[in-house]
Amino acid sequence: MSAAPQSHPFDSVETPLVLVRRDGAITHLTLNRPRAINALNSDMFARLAAAVSAAQHDGSHAILLDGAGDRGFCGGGDVKELSQGSARTILANEYRLDYAISTSAPPVVGIMDGITMGGGIGLTGHAAIRVVTERSRLAMPEARIGIVPDVGGHLLLAAAPERLGEMLAVSAGDMAAGDAIALGFADVFVPAERLPQLQAALAAGADSQAAVDGVAEPAPASAILDARDWWSPIAASVFGAQEPPASEDPAGAALRLIRALEASDDADAGRLAAVVRTMSPTSVAVTLAQLDRTRRRALSLADVLADDLRTLGRLAALPDFAEGVRAQVIDKDRNPRWSPARIEDLDDAVLAGILDPEAHADEQPLDLEVRRPRSADAGRG
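What counts and what doesn't
- Residues numbered from 1 in each chain as written.
- Predicted model: local features only at pLDDT ≥ 70, side-chain atom pairs only at ≥ 80, totals over all residues.
- Heavy atoms only, no water.
- Helix = DSSP H or I, 4+ residues; strand = E, 2+ residues; numbered from the N terminus.
- Rg over C-alpha atoms; globule rule 2.2 N^0.38 Å.
- Buried < 20%, exposed > 50% of the residue type's maximum accessible area, 1.4 Å probe, protein only.
- Contact = heavy atoms within 4.5 Å.
- Areas by Shrake-Rupley, 256 points an atom, 1.4 Å probe, with all protein chains shown as cover.
- Lys, Arg positive; Asp, Glu negative; His and termini not counted.
- Charge placed at Lys NZ, Arg CZ, Asp CG, Glu CD.
- Axes fitted to C-alpha atoms, helices over the stretch in contact; angles between N-to-C directions.
- Parallel < 35°, antiparallel > 145°, perpendicular 65-115°, else oblique.
- Nonpolar A, V, L, I, M, F, W, Y, C, P; charged D, E, K, R; others polar.
- Left-handed = near helix turned anticlockwise from the far one by under 90°.
- Pairing = 2+ DSSP bridges.
- Salt bridge = Lys/Arg side-chain N within 4 Å of Asp/Glu carboxyl O.

1. Some remarks on the overall build of the protein chain
Each helix and strand in the protein chain was counted, giving 16 helices and 10 strands. In terms of C-alpha radius of gyration, the protein chain reaches 20 Å, essentially the compact-globule figure of 21 Å for 381 residues. Seen through its C-alpha atoms, the protein chain measures out along the principal axes to roughly 60 × 45 × 40 Å. Counting only residues that meet the buried cut, the protein chain has 58% of its 381 residues in that class. Contacts in the protein chain between residues at least 24 apart in sequence constitute 76% of all its contacts with a sequence separation of at least 6. Total accessible area on the protein chain is roughly 14700 Å²; 52% of this is exposed by carbon and sulfur atoms. The centroid of the 35 positive side-chain charges in the protein chain is displaced by 2 Å from the centroid of its 52 negative side-chain charges.

2. Comments concerning the packing of helix H6 (residues 164-171) against helix H10 (residues 228-239)
In contact at an axis separation of 10 Å, H6 and H10 are set at 90° when each is read in the N-to-C sense. In terms of orientation, H6 lies roughly perpendicular with respect to H10. Residue-level inspection shows Leu164, Glu166 and Met167 of H6 in contact with H10, the latter providing Arg228, Trp230, Trp231 and Phe239. Of the residues in the contact of H6 with H10, the class split is 5 nonpolar, no polar and 2 charged.

3. With respect to the side chain of Ser280
Among the structural elements, Ser280 can be located in the loop between helix H12 (267-276) and helix H13 (281-296). For Ser280, the residues in contact, after removing those within four places along its chain, are Ala143, Gly146, Asp320 and Trp338.

4. Details of the packing of H13 against helix H16 (residues 348-355)
Across the interface, H13 lies against H16 with an axial gap of 11 Å and an inter-helix angle of 50°. On the basis of their axis angle, the class for H13 and H16 is oblique. H13 and H16 meet at a crossing whose hand is right-handed. When H13 is examined against H16, the residues Thr282, Ala285, Val286, Ala289 and Gln290 are found in contact with a partner set consisting of Leu351, Ile354 and Leu355. By residue class, the composition of the contact of H13 with H16 is 6 nonpolar, 2 polar and no charged.

5. What about the sheet that holds strand S4 (residues 72-74)?
Spatial strand order, S4-S6-S8-S9: 4 strands in an open sheet with mixed pairing. This sheet does not close on itself; its edge strands, each paired only once, are S4 and strand S9 (174-175). Here strand S8 (residues 137-139) pairs with S9 via 2 bridges, running antiparallel. The residue bridging Ala139 from the neighbouring strand is Asp174, located in S9.

6. Let's talk about the pattern of salt bridges
Note that side chains of opposite charge can pair when their charged atoms are close. The final tally for this structure, using the stated rule, is 25 salt bridges. The closest approach of N and O atoms between Arg310 and Asp307, which form a salt bridge, is 2.1 Å. Here the residue Arg310 and the residue Asp307 both occupy positions in helix H14 (residues 301-315), the gap between them amounting to 3 residues, near one helical turn. Taking the relative accessible area as the measure of exposure, Arg310 reaches 16% and is therefore buried. Residue Asp307 is classed as buried on the basis of its relative accessible area, which comes to 6%. Here the salt bridges do not stand alone but share partners, grouping Arg88, Arg314, Asp362 and Glu363 into one network.

What follows is the structure, given as C-alpha cells:
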C-alpha cells in the first residue's frame, strides 16, 4: 500500500476524486484530492481502472497521469481506509490497477511532480514514461507504519545499484529527481514550468517519447549515489555470499545490518542506524527478505504484485500496522510501540509465516488481466 502523511474523509460526491477527460489525442487523468496530497482510496482505484480500461479501446494515443494541487502527485494510500476496511480486497484492486497501467497499450506518461510516495509510485513507477521535476520527492515509507514497500516497489528497489534499494527501504528514505532517475524510479527530468508544454504536445498527437524529449533537461546529480562510499562496504559484509540470504534468514540479515551500521565509524552510517531503530523491526526484516527474493529469482512485476498481496495482507492483520497508523496518522505522536520493539527480538517463526510463499486457505490469488504488448510509442519497455 502506501503511507499517506495525512488522511481525510472521502471528498464530497460533487467533487470527483479523479478527473477523467479526453484532451485531443490523449486521455488525461488527474488525482483530485489535493488537500490530502491526492491520497488514494477505493473509489479512486475504481475510477482510474475504468478510465485506463476505456483508453485501451477509444483511440487514445497516450494516457497522461498527474495530480491536482501544488503539494504533490500523490502522498500515498489512505491508510485509515486500509486499516478499517477489507485490506486484501483494497490491495488487490490497487495492484490490478498498477498492473493495468504497466501493460497499457497507449503508453502512460506519469508525472511525479512534488511528493510521490507509496501508492503514488505504484501508479507511476511502472508506467511507460516516468517524469520527475525539480519539486519531486519520492519515497517508499511503509516501514514507518508497520508494513513494507509494495505496489511493485520491490521490483524497483531490488534493481537499484549497489543495494541502495535496501538502504532506502529500511529507512523510509526519500529521493530527489536526480536520485529517482539514477536509482531507476524515473526516466526523465522535466522542469515543472514545461509540463503544460508537454501536455499540449501529447494532446496534439505527438509521439509520447518525442514529446517528453522535447521538454526534458539533463537530470540533476544524485546525492544518494554518494552514499555508496560508506554504504557499499557495509552492504557487502551484510549481504555477501558468505552470509545466509536474507530471504532464508530475514532476522539474521536485519540483525547483521543494524550491528554493522552501529559499529561503523562513519557518521552517516550512525545516523542511518538511528533511523532504522525507529522503524518496525518486523518491517525491516520482511523488506530485506522480499528484496532478496525478488532479485535472486528475477521476479516479474506480476510475480512481485502477487507477493505483495500475500505479504501485505498478513502484515495488515498484525498489531504493528494498527500501531503505526495510530502513531503516524491518528494520534500523530510519531512514537510507535512496535512488537517486538527491537530487531534483536524478532521471532523466526513469525517471519516465516509472513513470508510463506504458499497461499493460506483464506487468501485468494491476485488475478491480473493480461493485455497485448504495449505499443512501440511506449518509452521504456
